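# A look at the structure
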Amino acid sequence: MSIADNLSSIKATLPDHVTLVAVSKTKPVADLKEAYDAGQRIFGENKIQEMTEKWEQLPKNIQWHMIGHVQTNKVKYMAPYVSLIHGVDSLKLLTEINRQAARYRKTINCLLQIHIAEEETKFGLSEEELNILLNSDEFKQMQNICIKGIMGMATFTEDEAQIKKEFTHLKTIFNHLREQPQTTNFKPETLSMGMSGDYKIAVDCGSTMVRIGSSIFGSR
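Rules behind the numbers
Residue numbers restart at each chain and count upward from 1, following the sequence in its written direction. pLDDT decides what is reported in this predicted model: residues at 70 or higher carry local features, side-chain atom pairs at 80 or more are listed and counted, and totals for whole chains, interfaces and linings draw on all residues regardless. Side-chain calculation: all heavy atoms of the structure are included, whereas hydrogens and water are not. Strands are runs of DSSP state E lasting at least 2 residues, helices are runs of H or I lasting at least 4, and numbering of each runs from the N terminus. In what follows, a contact means two residues having at least one pair of non-hydrogen atoms within 4.5 Å. Computed by Shrake-Rupley with a 1.4 Å probe, the accessible areas treat only the displayed protein chains as cover when residues are assessed. Counting rule for charge: Lys and Arg are taken as positive, Asp and Glu as negative, and neither His nor the chain ends is counted. Taken as the charge location is NZ of Lys, CZ of Arg, CG of Asp or CD of Glu. Pairs were defined over the aromatic rings of Phe, Tyr and Trp, the Trp ring being its six-membered one, requiring ring centres within 6.5 Å. Orientation was assigned from the angle between planes: stacked under 30 degrees, edge-to-face over 60, tilted for the rest. Burial status follows relative accessibility: with a 1.4 Å probe on protein chains alone, a residue under 20% of its type maximum counts as buried, one over 50% as exposed, and anything between as partly exposed. Criterion for a charge above a ring: Arg CZ or Lys NZ at most 6 Å from the ring centre, at most 35 degrees from the ring normal. Should DSSP find at least two bridges between two strands, the strands are regarded as paired. Orienting the strands away from the viewer, one traces the path from the first strand over the helix to the second; a clockwise path indicates a right-handed crossover. This arc is built from the directions going out from the helix axis to the C-beta atoms.

## Regarding the overall build of the protein
- Secondary structure assignment for the protein yields 10 helices and eight strands.
- Projected onto its principal axes, the C-alpha coordinates of the protein cover approximately 50 × 45 × 30 Å.
- A fraction of 60% describes how many contacts in the protein between residues 6 or more apart in sequence connect residues 24 or more apart.
- Working note: accessible area of the protein is about 10,900 Å², and carbon and sulfur atoms make up 47% of it.
- Averaging the locations of the 26 positively and 27 negatively charged side chains of the protein gives two centres separated by 8 Å.

## Considering the packing of aromatic side chains
- Tallied over the full model, the rule gives two aromatic pairs.
- For the pair W55 and Y81, a centre-to-centre distance of 4.4 Å together with 10 degrees between the ring planes defines the contact as stacked. In this pair, W55 is assigned in helix α3 (residues 48-57) and Y81 in the loop between α4 (75-78) and β4 (84-88), connecting sequence segments 26 residues apart.
- A relative accessible area of 25% places W55 in the partly exposed class.
- Taking the ring centre of Y36 as reference, the NZ or CZ of R41 above it sits at 3.6 Å.

## Re the pairing of strand β1 (residues 19-23)
- Across the five residues that make up β1, a large majority, four, are buried.
- As defined by bridge partners, β1 adjoins strand β8 (residues 209-212) across four bridges and the pair is classed as parallel. Considered in β8, the bridge of V21 is made with R211.
- Judged from the two bridges that link them, β1 and strand β2 (residues 42-45) form a sheet pairing that is parallel. Paired with A22 across the strands is F43, a residue of β2.
- Crossover β1 to β2 through helix α2 (residues 29-37) is right-handed.

## Description of helix α6 (residues 127-134)
- Here α6 has its buried residues at L130, L133 and L134. Buried residues of α6, viewed axially, fall in a sector of 90 degrees; they line one side. Of the residues in α6, the exposed ones pointing more than 90 degrees away from the buried face are E128 and I132.
- Those residues of α6 hidden inside the fold are in contact with α5 (91-103), β5 (108-113), α7 (137-140), α8 (160-178) and β7 (186-192).

## A few points about unusual backbone geometry
- The backbone of T26 sits at a positive phi, close to 70 degrees, despite the residue not being glycine.
- On the secondary structure map, T26 appears in the loop between β1 and α2.
- The exposed category is assigned to T26, whose relative accessible area is 52%.
- Of note in this structure, R105 is not a glycine but carries a positive phi near 50 degrees.
- Relative to the elements of secondary structure, R105 occurs in the loop between α5 and β5.

Given below as structure tokens:
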């Protein structure tokens, strides 16, 4: 099946309210162009240098999502064009994103990454750290970022019951955030969870954004 066919079949399984991020990391520009020609406009990358090179070569109406772990010193390279940063897991990183966004007189949308997996290797904030960040004076004064929601990755396991439990937990956290008063820099509307192997479970658990790579572009 072609990339266009893969996109079409995946989109057919997604409800209208779920956004598809095509994870294009390590894939050549030609593959992204094929997906673009098939109508895909949101692409996810996990390395800023690679994403910037692709941004320079591809149409400017593409939304670029940074889905990998972000090093603070690399934020400046994507600040001019990035649409959404998925993996914000510290106040230090958020502060730098806010600083770089201010340089370009823009607002950068972010998702806070929550640690829900049982694997220690996964990044993310605990619920306590999430609350401390959102209630901090530093966060409340940030004018060039907007928290659009949260994201999380389930444990890499065949146990669907465990995956469902972790996604359900993240949805509970999201529901709680949605009950908080919205401000100019806090408008939680996106729950990003689910990848090629588990996105159908994620959607059933309330995901509004899925990140799918290998099922579109083939294995890496």
